[in-house]
Amino acid sequence: DVPFGLVNSVVLLSTADLQPTATLGDPVNSWAESKWWLPSVSIATPAVHNSGHLQVTVLNERSTVVSYQVKSKMHSDIPLYTPAKFSICLGDGAHKPAPLPFCATAECFGYQQEY
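Read on for a plain summary of the structure. The model shown is predicted, which means the values in this text are computed figures rather than measured ones.

A word on the overall build of the protein chain. Across its full length, the protein chain carries one helix and seven strands. Secondary structure elements in the protein chain, listed N-terminal to C-terminal, are α-β-β-β-β-β-β-β. Overall, the protein chain is about 50 × 35 × 20 Å in size when its C-alpha atoms are taken along their principal axes. Looking at the 115 residues of the protein chain, the share that counts as buried comes to 23%. On the protein chain, roughly 8,600 Å² of surface is accessible, and the fraction owed to carbon and sulfur atoms is 58%. If you average the places of the 6 positive and of the 9 negative side-chain charges in the protein chain, the two averages end up 9 Å apart.

Turning next to the sheet that holds strand β7 (residues 111-114). An order of β3-β4-β7 is seen for the three strands of this open sheet, with the pairing classed as antiparallel. Pairing within the sheet leaves two strands with one partner each, and these edge strands are β3 (56-61) and β7. The average angle at which neighbouring strand axes cross in this sheet is 20 degrees, direction not considered. Note that β3 and strand β4 (residues 64-72) share five bridges and pair antiparallel. Counted as the bridge partner of L59 is V66 from β4.

According to the stated counting rule, one finds one disulfide in the structure shown. Here C103 pairs with C108 through a disulfide, and the sulfurs are 1.9 Å apart. Its torsion about the S-S bond being -110 degrees, the disulfide of C103 and C108 is classed as left-handed. Classification of C108 as buried rests on a relative accessible area of 5%.

Its volume calculated, the largest pocket comes out at about 590 Å³. Taken together, 19 residues line the largest pocket, and the ones lying closest to its centre are L18, A22, T23, P27 and V28. A total of four residues in the lining of the largest pocket trace back to one element, the largest contributor, which is helix α1 (residues 4-16). Broken down by class, the residue content of the lining of the largest pocket amounts to twelve nonpolar, five polar and two charged.

Reading the values: the criteria
- Residues numbered from 1 in each chain as written.
- Predicted model: local features only at pLDDT ≥ 70, side-chain atom pairs only at ≥ 80, totals over all residues.
- Heavy atoms only, no water.
- Helix = DSSP H or I, 4+ residues; strand = E, 2+ residues; numbered from the N terminus.
- Buried < 20%, exposed > 50% of the residue type's maximum accessible area, 1.4 Å probe, protein only.
- Areas by Shrake-Rupley, 256 points an atom, 1.4 Å probe, with all protein chains shown as cover.
- Lys, Arg positive; Asp, Glu negative; His and termini not counted.
- Charge placed at Lys NZ, Arg CZ, Asp CG, Glu CD.
- Pairing = 2+ DSSP bridges.
- Axes fitted to C-alpha atoms, helices over the stretch in contact; angles between N-to-C directions.
- Disulfide = S-S within 2.5 Å.
- 1 Å grid on protein atoms, 1.4 Å probe; cavity = no way out; pocket = protein on both sides within 12 Å on 5 of 7 lines; lining within 4 Å.
- Points joined across faces, edges and corners; volume = space filled by probe spheres on them.
- Nonpolar A, V, L, I, M, F, W, Y, C, P; charged D, E, K, R; others polar.

Dropping the structure here:
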């Protein structure tokens, strides 16, 4: 088996000349300057009030377990997964704030994690 990270590095290097050490804050080609990149993600959001024993485990090592559930004072019907996005303005550097909020919909602005 070939590790995914190695395959990804080879593809990025051979198709876009991106070095394995490249970061999102690095300078970009002129055609990409100031364009927004919006990779989408899903947030696991099992709700406290209706999930039973559903929870997200973020660490499970030996005798240490860290998990969370989601609660909201604003919304009673929280889906198991909530759409979200990262937003990056290409070429702005690593310390520039995201141009758009992480939440893809207004419903997730009131979510709180309960560990």
